[in-house]
Amino acid sequence: MDHSKLILKPGLEGIPVTQSSICDIDGKKGKLLYRGYEIGELAQKSSFLETAFLLIWGELPSSSELRDFEAEVQMHRRLSFRVRDMMKCFPESGHPMDALQSSAASLGLFYSRRAIDDPKYVYNAVIRLIAKIPTMIAAFQLIRKGHDPIQPRDDLTYSANFLYMLTEKEQDPLAAKVFDKCLILHAEHSLNASTFSARVTASTLTDPYAVVASAVGTLAGPLHGGANEDVIAMLESINKPENVSSFIENSLRDKRKIMGFGHREYRVKDPRAIILQQLAEELFDRFGKDEMYDVAKRLEKEAIPKLGAKGIYPNVDFYSGLVYRKLGIPRDLFTPIFAISRVAGWLAHWREQLGANRIFRPSQIYTGSEPRKWTPLEQR
Ligand code: ACO
């Protein structure tokens, strides 16, 4: 192949690889829209299931469509006993993202009719994935504590039920409300690595469980889903607001990134960080302050004058870890929770990819050896 005309773009930065009508980001103005609706308005007025419907089917549901969608999701929350038994064989020390990836992929075995051009099959797959992923995460959390997973409760909303299954007790309605808003905020963000992975997998016309499993595997990496865990570790290492100035000074001197700051798309404070900070404050007002919040606020105040000129501001991960921590969620479940939410975006992209499919097959610039002769083993 003639490589002379190929220009390498590592990470495909700035290269459009598809058209999409799902999500729009204006990084200079700090705007994020799902299907044309501003994220702030959705977080205030919508629910996660309604937002998921909007993302996946393209329009806000009518009240009967929403009722049916919620009822179907509720009906499919339970896991087959075989999935639960399989999960009981996972090592307790394993990462919950690995448990989730394996469990999500296993759904392809149980619902193996690969009929992606049948609208009923597509609808059922969407329902099952949205319904069962939270149950899988809660089940793994209980199994690794040595408990049996508990059954979902039909009288609880999607988010209240997840917190109940995870913690084995019904939580304050404010906790469920805040958690639901977190799910809305993380549901979609255009062609990030896991969504791209979902689209590449979708383009082979495989089943949707494989699409979601590949996206979960991609989200698991520390450069993508894991930064909010690192933010908490960083805040704990700073320990007190008085230590913030020297932390910033040392980080910048040693060229270490401040976790939860900076974003490839945003040049201002991430609109989701603004909402998450308000949600964190609502939780602190009701349930008591997290001392790490004072460290975070001081860090934001002192880092912006130093990094703002480069367009580096708090991103979605800066306050989300503090919210999850206040909800009593263990740190290694932060990324699986991201997956509960982002499955809506992945499924929207799955459907969009199928609507105008062309299998992904980029090119490469070969840097290996010229053609050469085989050397017999005894001469090497
Ligand atoms: N702290 C200090 N300086 C930073 C930070 C940061 N968090 N982020 C970027 N910078 C600086 C860089 O050092 C660089 O400075 P220079 O021009 O003097 O060399 C400049 O800002 C541009 O940085 P890039 O790394 O080129 O920015 P890019 O857009 O490629 O990176 C990224 C974005 C990867 C998110 C980066 O900001 C980062 O690593 N942040 C910390 C990790 C984090 O919070 N990740 C979560 C992102 S949100 C998400 O994925 C859901």
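Worth saying up front: this structure is predicted, and the values here are computed from it rather than measured.

Caption draft 1: Fine view of the sheet that holds strand β2 (residues 31-34). With antiparallel pairing, 3 strands are arranged side by side in an open sheet as β1-β2-β3. Each of the sheet's edge strands pairs with one partner strand only, and the pair in question is β1 (23-26) and β3 (37-38). In the sheet, β2 pairs with β3 via 2 bridges, with the strands oriented antiparallel. Following the sheet pairing, Tyr 34 is matched in β3 by Tyr 37.

Caption draft 2: Region of the structure containing the domain arrangement of the chain. According to the domain assignment, the chain consists of domain 1 (21-221 + 336-355) and domain 2 (227-326). Domain 1 and domain 2 are separated by 27 Å when their C-alpha centres are compared. Taken together, the contact between domain 1 and domain 2 spans 24 residues of the former and 19 residues of the latter. A combined buried area of about 1800 Å² lies between domain 1 and domain 2, and 71% of that area is made up of carbon and sulfur atoms. Looking at the side of domain 1 facing domain 2, the largest losses of area belong to Leu 174, Leu 185 and His 186, adding up to 26% of the total buried there. Along the contact surface separating domain 1 from domain 2 lie 2 salt bridges.

Caption draft 3: Quick look at the packing of aromatic side chains. Per the stated rule, a full pass over the model turns up 14 aromatic pairs. Each ring, one from Phe 261 and one from Phe 318, has its centre 5.2 Å from the other, and the planes form 80°; the classification is edge-to-face. Separated by 57 residues along the polypeptide, Phe 261 in the loop between α12 (244-253) and α13 (271-287) and Phe 318 in helix α15 (residues 317-326) bring together distant segments of the chain. The cationic tip of Arg 380 hangs over the ring face of Trp 374; the distance from NZ or CZ to the ring centre is 4.8 Å.

Caption draft 4: Examining the site of the ligand more closely. Among the 16 residues in the neighbourhood of the ligand, the closest are listed as Ile 258, Gly 260, Phe 261, Arg 264 and Asn 315. A distance of 2.7 Å separates a nitrogen atom of the ligand from a polar atom in the backbone of Ile 258. A distance of 2.9 Å separates an oxygen atom of the ligand from a polar atom in the side chain of Asn 315. Considering the ligand on its own, with 920 Å² of exposed area, one finds that the protein chains cover 65% of that surface. The cavity that encloses the ligand is the largest pocket. When its residues are assigned to classes, the shell around the ligand shows 7 nonpolar, 5 polar and 4 charged.

Caption draft 5: Expanded view of the pattern of salt bridges. For the coordinates displayed, the defined rule picks out 23 salt bridges. Here Asp 172 makes a salt bridge to Arg 286, at a shortest N to O gap of 3.0 Å. Here Arg 286 lies in helix α13 and Asp 172 lies in the loop between α7 (158-167) and α8 (173-186), a separation of 114 residues in the sequence. Put simply, Glu 236, Asp 290, Arg 325 and Arg 331 are held in one network by salt bridges that share partners.

Caption draft 6: The arrangement of the environment of Asp 270 in detail. Examined against the element boundaries, Asp 270 turns out to sit in the loop between α12 and α13. According to the relative accessible area criterion, Asp 270 is buried, its value standing at 1%. Separated by 242 residues in the primary sequence, Asp 270 and Lys 28 have C-alpha atoms spaced 10.0 Å apart. Among all residues touching Asp 270, those that are not within four sequence positions of it are His 263, Pro 314, Asn 315 and Val 316. A distance of 3.0 Å separates a polar atom in the side chain of Asp 270 from the backbone nitrogen of Val 316.

Criteria and thresholds
- Residues numbered from 1 in each chain as written.
- Predicted model: local features only at pLDDT ≥ 70, side-chain atom pairs only at ≥ 80, totals over all residues.
- Heavy atoms only, no water.
- Pairing = 2+ DSSP bridges.
- Helix = DSSP H or I, 4+ residues; strand = E, 2+ residues; numbered from the N terminus.
- Domains from an automatic or database assignment.
- Contact = heavy atoms within 4.5 Å.
- Buried area = accessible area lost by both parts, 1.4 Å probe.
- Salt bridge = Lys/Arg side-chain N within 4 Å of Asp/Glu carboxyl O.
- Phe/Tyr/Trp six-rings, centres within 6.5 Å; stacked < 30°, edge-to-face > 60°.
- Lys NZ or Arg CZ within 6 Å of the ring centre and 35° of its normal.
- Near = heavy atom within 4 Å.
- Polar contact = N/O pair within 3.5 Å; in protein donor to acceptor, adjacent residues only side chain to side chain.
- Areas by Shrake-Rupley, 256 points an atom, 1.4 Å probe, with all protein chains shown as cover.
- 1 Å grid on protein atoms, 1.4 Å probe; cavity = no way out; pocket = protein on both sides within 12 Å on 5 of 7 lines; lining within 4 Å.
- Sits in = over half its atoms within 2 Å of the grid points.
- Nonpolar A, V, L, I, M, F, W, Y, C, P; charged D, E, K, R; others polar.
- Buried < 20%, exposed > 50% of the residue type's maximum accessible area, 1.4 Å probe, protein only.

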